[in-house]
Amino acid sequence: METTEKFSTKLNKQVLHKLRAYAKRNNSKIAQVVSQAVAEYLERVEVRPAFRDAAREVIDDHRELLKELAK
């Protein structure tokens, strides 16, 4: 069973209204929706630095070839 921890935050009124409506439409609890949304957001933003690092490495390793291809 997944453990949870209670915390408090503030949201823009319109965002909170949409969140409540979404949870109600989908028979979900707000905590479930927020938890899933935050998990997906963190996964998405954590991939970017890894991708950026890999792209930088490829560019560094193949700088001369890329210059020739750009001509």
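Provided above is the structure to which this section pertains.
Description of the structure in this document. (Residues numbered from 1 in each chain as written. Predicted model: local features only at pLDDT ≥ 70, side-chain atom pairs only at ≥ 80, totals over all residues. Heavy atoms only, no water.)

A look at the pattern of salt bridges
Here the structure, examined in full by the defined rule, presents four salt bridges. Between lysine 67 and glutamate 64 there is a salt bridge; the shortest N-O distance is 3.8 Å. In this pair, lysine 67 and glutamate 64 both sit in helix α3 (residues 63-70), three residues apart, roughly one turn of the helix. Accessibility expressed as a relative area gives 47% for lysine 67, which makes it partly exposed. Overall, the relative accessible area of 55% leaves glutamate 64 in the exposed class. Of the charged contacts in the structure, one is a salt bridge between lysine 71 and glutamate 68, with a shortest N-O distance of 3.1 Å. (Salt bridge = Lys/Arg side-chain N within 4 Å of Asp/Glu carboxyl O. Helix = DSSP H or I, 4+ residues; strand = E, 2+ residues; numbered from the N terminus. Buried < 20%, exposed > 50% of the residue type's maximum accessible area, 1.4 Å probe, protein only.)

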